[in-house]
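Residue strings, one per chain:
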Protein chains: 2
Amino acid sequence: MISSTRIREALLENGLDILVASSPQNVFYLSGLESLTQRLLGQKAFAIWQTDLSNPIIVLPAVDASIIVDANIPYNSIYTYGNFFLYEGTDISPSDRTVQTIKNENNFESPISALLSAINSLPLTSSKIAIETSGFSFTEFDEIRKRIAPKIEAADDLLSDLRQIKNKGEVKCLKQAVEINQNAIENAIKTVEFGMAEHDLARSYESELISQGAYPLFTAIGFGSHGAYPHAVPGTRTLQYGDLIRFDVGCTYSNYSSDIARTFSFGEPDPILQRKYEVLNGSMDHGIDLLCDGVSTDIIFNGVIDYVNEHGPDLFPTFDRNHVGHGIGIDVYDHPTISPGMGTLKSGMVLCIEPPYYELGTAGIQVEDEVHITSNGAKRFSHCHPDLLII
Amino acid sequence: MISSTRIREALLENGLDILVASSPQNVFYLSGLESLTQRLLGQKAFAIWQTDLSNPIIVLPAVDASIIVDANIPYNSIYTYGNFFLYEGTDISPSDRTVQTIKNENNFESPISALLSAINSLPLTSSKIAIETSGFSFTEFDEIRKRIAPKIEAADDLLSDLRQIKNKGEVKCLKQAVEINQNAIENAIKTVEFGMAEHDLARSYESELISQGAYPLFTAIGFGSHGAYPHAVPGTRTLQYGDLIRFDVGCTYSNYSSDIARTFSFGEPDPILQRKYEVLNGSMDHGIDLLCDGVSTDIIFNGVIDYVNEHGPDLFPTFDRNHVGHGIGIDVYDHPTISPGMGTLKSGMVLCIEPPYYELGTAGIQVEDEVHITSNGAKRFSHCHPDLLII
């Protein structure tokens, strides 16, 4: 799953000896580790690559040693910090032995001393290393600067760039996350009935995610005029005939995100809202049709915006958006954002395209699909209905 | 829900004019705001208190304006940043109008310019303000230092200290989170059958959380010897007769966490494991009995550790732990940690007490209960079974 070749090439291209990730997302990206202690308790974990390594070096809290074994994570070497009391029975397996070895070997007092030892164990051929800054306090980063000979630069942007292009394993997870998300919406919508509260529909949707092995990430569900609140928090508002139901919902599956939006009508919709839906849906389709390797974000952005303005001059005030989509991956907003001047889209990117319309007092209308750019054009992971679905 | 009086007193005691929160947890603590854009996309939100204010000043992305209205959050004033296109129908309600007003009034280009304007709108009576550092990059913090006259100090520790003492509303949420967590374990355990996989039991537990309005936070469930892995990731291991089942599980309810642990035996357990369970459970009870306003963490730590070593000299190798518990609140590990030298426990704290025992090759045995320290002693939110429950 790790994009080892891409990572090593990026180091060479940038004249870097070493690349260090310090945020939960990028540690996962460079190593496959999801440290519970880092994610929940804010403790530190690091993943380190060097051009000559075939697997990363991992720095993690001693208590997380078993996660490496459970997830079968390949590594070059592991440095732990902190103590943890793990006793041994009489009949321990090779896996149990590995947990104990990881925990005890290369054990340091602090995460920073473990990190410095790991870095200093590597041969330096140039004089530059890149470290993601977000996992450090000001004083910690100063300490690292003082104790490492080579020049340190921030790795944050490099890591965001790397993560834009998804490999086969990532695409598989992203596709599966979309399938689960779509299924969950479709199954939740079957439970819809007159007078039900938004939060009941939200719970129904989230239960469907869990039953398929995914986790809820965000659940914006609004009925009628509440659907016009961009981040509608599902509340006690009850469903009435003629209400539009807007879902803008996200989940994670195997650490990869899905973010899709759907709008349904409960009973016959207002004909104007129906036409608005069709224009917005058409603009998304148009944006997706324009996606290909080498296209600029300007083309996609203007394509979607212009489509709405051309097809719905009587329907919308001048339609405007800050962006019409974004990359998606480990984060729900991976780079790039689909707004003007954000550069060139490339084969291997997975993107969300979304032209939502929020009209206070009336309704929110939103469609959002996920798409994979390949050398043969854009492949959809999800499909909106061309007409507003009436339930 | 906001501890306004405590916050203002803390400002006065520390000779501070202004207190600024920048992390999602502390913004929520100081204002009740849960900004989706901050939590998911890493954008900035701030909550600002000053001694004369009866409600906080809130800085947030324009797109999150509707969250303030949905959650009915009281505020002194709101500063937004960034643009967001929100159209108006013909029949907008007072709530809709409020969303639009919040979004448009005091709108700034960047979060830092919004923050600086908010701070500079306040009268200064001393020369010190405290800002939580964790929500800023190095360069952002430097920019703030340059553009604010008074001396800035880090508010991180002050905010952790404040959050240790829970108010009535917080205690209510924490208690409810524990009840849901306990119910979910009890309902999940009813689905246990020979040969089932760990991940099926995990899914069953997590579905129960969702159906009660809570969210899964972490789910360490291990059967037999896999239960000895501290952060056991539920996998394909199947349940066999005589296996212990260890749950160490957390959820959130209304933004407050619950973390409890339970151990069950599937069929008749090994008598030694049964006795070990009873000693560990007894040590937890003993630790909870010792909890009261004014007791030092040393007393609790030593009480729990000594209990195990005295009651199980034939059962355990010398029993050792880094800590025997921790505070719990918005974070699953709130301050204080129950280890030596961590100071005095106080009325109003909510704590987890946990003496787990991990024996590689054999099993993990863990009990963890949640307790509220009051002026009348410790009140339990949860209760472990004194004997190992056989299912």
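Provided above is the structure to which this section pertains.
Bear in mind the structure is a predicted one, so any value in this text is a computation, not a measurement. (Residues numbered from 1 in each chain as written. Chains lettered and ligands numbered in written order. Predicted model: local features only at pLDDT ≥ 70, side-chain atom pairs only at ≥ 80, totals over all residues. Heavy atoms only, no water.)

Novice: Could you give an account of the relation of the copies chain B and chain A, with specific residues and numbers?
Specialist: Each of the two chain copies goes to the other by way of a rotation about an axis and a shift along it. Note on the identical chains: chain B maps onto chain A by a rotation of 180° and an axial translation of 0.0 Å, with an RMSD of 0.0 Å. Seen this way, the second copy is the image of the first under a two-fold rotation axis. Residue Ser-207 of chain B, judged by its C-alpha, is the member of chain B lying nearest the rotation axis, at 2.9 Å. Here 100% of the interface residues in chain B have copies in chain A that are interface residues too; the copies meet face to matching face. (Least-squares fit on C-alpha atoms with pLDDT ≥ 70 in both. Contact = heavy atoms within 4.5 Å.)

Novice: Which residues make up the side chain of Asp-369 of chain B, and what are the values?
Specialist: Residue and element names in this part refer to chain B. Counting through the fold element by element, Asp-369 comes out in strand 17 (residues 369–374). Residue Asp-369 is classed as buried on the basis of its relative accessible area, which comes to 0%. A distance of 2.8 Å separates the side chain of Asp-369 from the side chain of Arg-380, its partner in a polar contact. Polar side-chain contacts of Asp-369 include one of 3.1 Å to the backbone nitrogen of Cys-384. (Helix = DSSP H or I, 4+ residues; strand = E, 2+ residues; numbered from the N terminus. Buried < 20%, exposed > 50% of the residue type's maximum accessible area, 1.4 Å probe, protein only. Polar contact = N/O pair within 3.5 Å; in protein donor to acceptor, adjacent residues only side chain to side chain.)

Novice: Account for the pattern of salt bridges, naming residues and giving values.
Specialist: Scanning the entire structure with this criterion turns up 27 salt bridges over all chains. Notably, a salt bridge pairs Lys-276 of chain A with Glu-359 of chain A, separated by 2.9 Å at the nearest N-O pair. Taken together, the positions of Lys-276 of chain A in helix 11 (residues 271–290) and Glu-359 of chain A in strand 15 (residues 357–360) put the pair 83 residues apart, joining distant regions of the chain. Lys-276 of chain A sits in the buried class, given a relative accessible area of 5%. Under the relative-accessibility criterion, Glu-359 of chain A is labelled buried at 10%. The salt bridge partner of Lys-44 of chain B is Glu-140 of chain B, with a shortest N-O separation of 3.1 Å. Of this pair, Lys-44 of chain B sits in the loop between helix 3 (36–41) and strand 2 (46–50) while Glu-140 of chain B sits in helix 7 (residues 138–147), and the two are 96 residues apart along the sequence. (Salt bridge = Lys/Arg side-chain N within 4 Å of Asp/Glu carboxyl O.)

Novice: With reference to specific residues and values, describe the sheet that holds strand 3 (residues 57–61) of chain B.
Specialist: All names here are of chain B. Here seven strands make up an open sheet; going across it, the order is 6-4-3-2-1-7-8 and the pairing mixed. Sheet topology places strand 6 (107–108) and strand 8 (151–154) at the edges, where each strand pairs with a single neighbour. Relative to strand 8, strand 7 (residues 128–131) is paired through four bridges, and the arrangement is parallel. Residue Ile-129 lies in a different strand from strand 8, and its bridge partner there is Ile-152. (Pairing = 2+ DSSP bridges.)

Novice: For the interface of chain B and chain A, give the residues involved together with the corresponding values.
Specialist: The partner chain A presents 61 residues to the 61 residues of chain B that form the contact. Counting the surface lost from both chain B and chain A, the interface buries some 5200 Å², and carbon and sulfur atoms represent 65% of this. The three residues of chain B that bury the most area against chain A are Tyr-87, Phe-138 and Leu-360 of chain B, which together make up 16% of that side's buried surface. Taken together, chain B and chain A are joined by zero salt bridges. At the surface where chain B touches chain A, the tally comes to 28 residue pairs in polar contact (both at pLDDT 80 or more). Taken together, the elements giving at least two residues each to the side of chain B that touches chain A come down to helix 3, helix 4 (65–70), strand 5 (87–88), helix 5 (94–104), helix 7, helix 10 (198–211), strand 9 (215–223) and strand 15 (357–360) of chain B. Classifying every residue of the side of chain B that touches chain A gives 32 nonpolar, 18 polar and 11 charged. Judged from the two bridges that link them, strand 5 (residues 87–88) of chain A and strand 15 of chain B form a sheet pairing that is parallel. For Tyr-87 of chain A, the partnering residue across the bridge sits in strand 15 of chain B and is Glu-359 of chain B. (Buried area = accessible area lost by both parts, 1.4 Å probe. Nonpolar A, V, L, I, M, F, W, Y, C, P; charged D, E, K, R; others polar.)

Novice: Lay out the sheet that holds strand 17 of chain B with the relevant residues and their values.
Specialist: All names here are of chain B. The five strands are arranged 13-12-14-17-18 in an open sheet whose pairing can be described as antiparallel. Because the sheet does not close on itself, it has two edges, and the strands there are strand 13 (334–337) and strand 18 (377–380). Across the sheet, the mean angle separating the axes of adjacent strands is 30° when strand polarity is ignored. Note: strand 12 (residues 325–327) against strand 14 (residues 350–353), three bridges, orientation antiparallel. Along strand 14, the bridge assignment pairs His-326 with Cys-352. Across the sheet, helix 11 (residues 271–290) is in contact with strand 14, strand 17 and strand 18; its angle to strand 18 comes to roughly 135°. (Axes fitted to C-alpha atoms, helices over the stretch in contact; angles between N-to-C directions.)

Novice: Tell me about the pairing of strand 4 (residues 77–81) of chain B, and name the residues and values.
Specialist: Residues and elements named next belong to chain B. Judged by how many residues are buried, strand 4 sits mostly within the fold: five of five residues are covered. Across the two faces of strand 4 the burial is the same, with Ser-77, Tyr-79 and Tyr-81 and Ile-78 and Thr-80 all buried. Sheet analysis places strand 3 next to strand 4, joined by five bridges and oriented parallel. Bridge pairing in strand 4 links Ile-58 to Ile-78. Note that the unit made of strand 3, helix 4 and strand 4 has a crossover that is right-handed. For strand 4 and strand 6, the ladder comprises two bridges, and the chain directions are parallel. Each bridged residue has a counterpart across the sheet, and for Tyr-81 the counterpart in strand 6 is Phe-108. (Right-handed = clockwise from strand over helix to strand, strands pointing away.)

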